[in-house]
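What the coordinates show
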Amino acid sequence: MELGGSAARLGCAVAVCGLLLTGCTSGGDGPGRPAAGTKSGGATGAGPSPTAVVDADPARLPRTRAQAAALVRGIMPGPSAFGPGTVRREPYESDPRRWAVLGDSCVWEQRALPEDVLASLTRHYEIPARGGKGPLRLTAVVTAHRSAEQADWESAEVLEEMMRCPSQLLRPGEVLRDLTDVPNALGDSGNGFADDVLAESGTYTGDEVGGPHPYVWEQTRIGQFTLAVSARGAKGWTRRDLLDLLREPHATMRAGLRGAIARRTPAASAPPSAVAPHSPETAGTTAPATLGGGRR
C-alpha cells in the first residue's frame, strides 16, 4: 500500500466520520467503515516495532520474509482453539507470500504481498452443522509488516473499502453487507492489550447457508503485527455466539506473539504458545490456498 494514498484517505475519514473513535455507519444497504487504525503514541518511533504493550526485543523481530513467515505460522491457532468439533476447512492455509485485497470491483482476491508486508498467513476453519445449527466458518490471520506505522496504515485502508464498496463479495456466492467498524486505541474502552483494536460486524449471506446471518471480524495491532479472527454465521448462530467463539483464540494469538518477540530475562521465558510451530495442529499443513477473502 502507498502511505501517501492512505494518508489522503485518512484525512477524508476525519471529514466524513468526525471523531475516529466513534465509528461510522453507511446509509442504505451498504457497509459502514471508520477511519480505523488511529495512531498510538509510539507508532512512528525508532525501530521496526515500537509498541506500548510488549517489551519487544529487536533481535527477535523478523527482518526477512522467511523469518516473518516462520513467526506468523508459529502463533497461528489450530482448530481446537475455537472449541470442540472445529475442523480444518479446505484449503486450510494460505500462501504467506500473498494476502487478500479488496479489488476495484469490490471482490476480495489474493495478490502478491506489497513491499511493506513481510508475511501474511490465513487459516480457515469450520464448525460443521449440528444440533439445528448450520455450518459456521471461521478464519484467523496474522500479518507482519516492516514497521508499526505500515501496520497502522493497513487498518486505515478500511476507509477506502467503506467509500467505494456498498457490498463486498468474499468469493462467488458469499456476500458481506451492513458493515459497521469501531476502532479503539490503547487505553480506550477497556483496551489494555493492543496498540489498536478494530471490531467489525455486519451480515453474511452465502449460497450454502442462506442468510443474512451475523458476521464478526476483529483485528488487533501489536507493533508491526496485525492479528485478526472472523466468523461468518449460519442458521441458529447469534452474534454473541460468534464473539464468544473468537475471544479465546484471538487472545491466544496475542499471547503467542508477545512470547515470540518479547525481551527475555533470566527470571522469565517465552510461554509455550510462543514456541509451538511444530505442534500437532500446525504440522502437516496443506499446500498454499487459492481461497480468496483471507483477511475476512
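Residues numbered from 1 in each chain as written. Predicted model: local features only at pLDDT ≥ 70, side-chain atom pairs only at ≥ 80, totals over all residues. Heavy atoms only, no water.

**Some thoughts on the overall build of the protein**
- Counting secondary structure elements, the protein contains 5 helices and 11 strands.
- Looking at the protein as a whole, 55% of its 296 residues qualify as buried.
- Within the protein, counting contacts between residues at least 6 apart in sequence, those at least 24 apart form 70% of the total.
- When the accessible area of the protein is evaluated, it comes to approximately 11,900 Å², of which 57% is carbon and sulfur surface. (Helix = DSSP H or I, 4+ residues; strand = E, 2+ residues; numbered from the N terminus. Buried < 20%, exposed > 50% of the residue type's maximum accessible area, 1.4 Å probe, protein only. Contact = heavy atoms within 4.5 Å. Areas by Shrake-Rupley, 256 points an atom, 1.4 Å probe, with all protein chains shown as cover.)

**Some points on the nonpolar core**
- Counting 55 residues, the largest nonpolar core has Leu71, Leu138, Leu257 and Ile261 as the members making the most contacts within it.
- Take this core: its biggest share by element is 8 residues, from helix H5 (residues 239-261).
- Apart from the residues lying within four places of it in its own chain, the contact partners of Leu138 are Phe82, Thr86, Arg123, His124, Tyr125, Ile127, Ser230, Ala231 and Leu246. (Core = buried A, V, L, I, M, F, W, Y, C linked by side-chain atoms within 4.5 Å.)

**Here's the deal with helix H2 (residues 65-75)**
- Among all positions of H2, only Ala68, Ala69, Leu71, Val72, Gly74 and Ile75 are buried.
- Contacts made by the buried residues of H2 are with strand E5 (117-127), strand E6 (136-145), strand E11 (225-232) and H5.

**Here's the deal with the pattern of salt bridges**
- Counting across every chain of the model gives 17 salt bridges.
- Ionic pairing is found between Arg97 and Asp95, a salt bridge with its closest N-O pair at 3.0 Å.
- For Asp95, a relative accessible area of 9% gives the class buried.
- What emerges from the salt-bridge pattern is a single network uniting Arg89, Glu126, Arg137, Arg171, Glu174, Glu208 and Arg232. (Salt bridge = Lys/Arg side-chain N within 4 Å of Asp/Glu carboxyl O.)

**Some words on the packing of aromatic side chains**
- In total, this model carries 2 aromatic pairs according to the counting rule given.
- On the numbers, 4.6 Å between centres and 45° between planes, the contact of Phe82 with Tyr125 is tilted. Of this pair, Phe82 sits in the loop between H2 and strand E2 (87-93) while Tyr125 sits in strand E5, and the two are 43 residues apart along the sequence. In terms of burial, Phe82 and Tyr125 fall into one category: buried.
- With centroids separated by 5.9 Å and ring planes inclined at 80°, the aromatic side chains of Tyr92 and Tyr125 adopt a geometry described as edge-to-face. Linking Tyr92 in strand E2 with Tyr125 in strand E5, this pair joins segments that are 33 residues apart in sequence.
- A residue is classified by how much of its surface remains accessible, and Tyr92, at 0% relative accessible area, is buried.
- When its relative accessible area of 0% is taken as the criterion, Tyr125 is described as buried.
- A connected cluster of aromatic rings, assembled from ring pairs, spans Phe82, Tyr92 and Tyr125.
- The residue whose ring lies beneath Lys133 is Trp237, and the NZ or CZ to ring-centre distance is 4.3 Å. (Phe/Tyr/Trp six-rings, centres within 6.5 Å; stacked < 30°, edge-to-face > 60°. Lys NZ or Arg CZ within 6 Å of the ring centre and 35° of its normal.)

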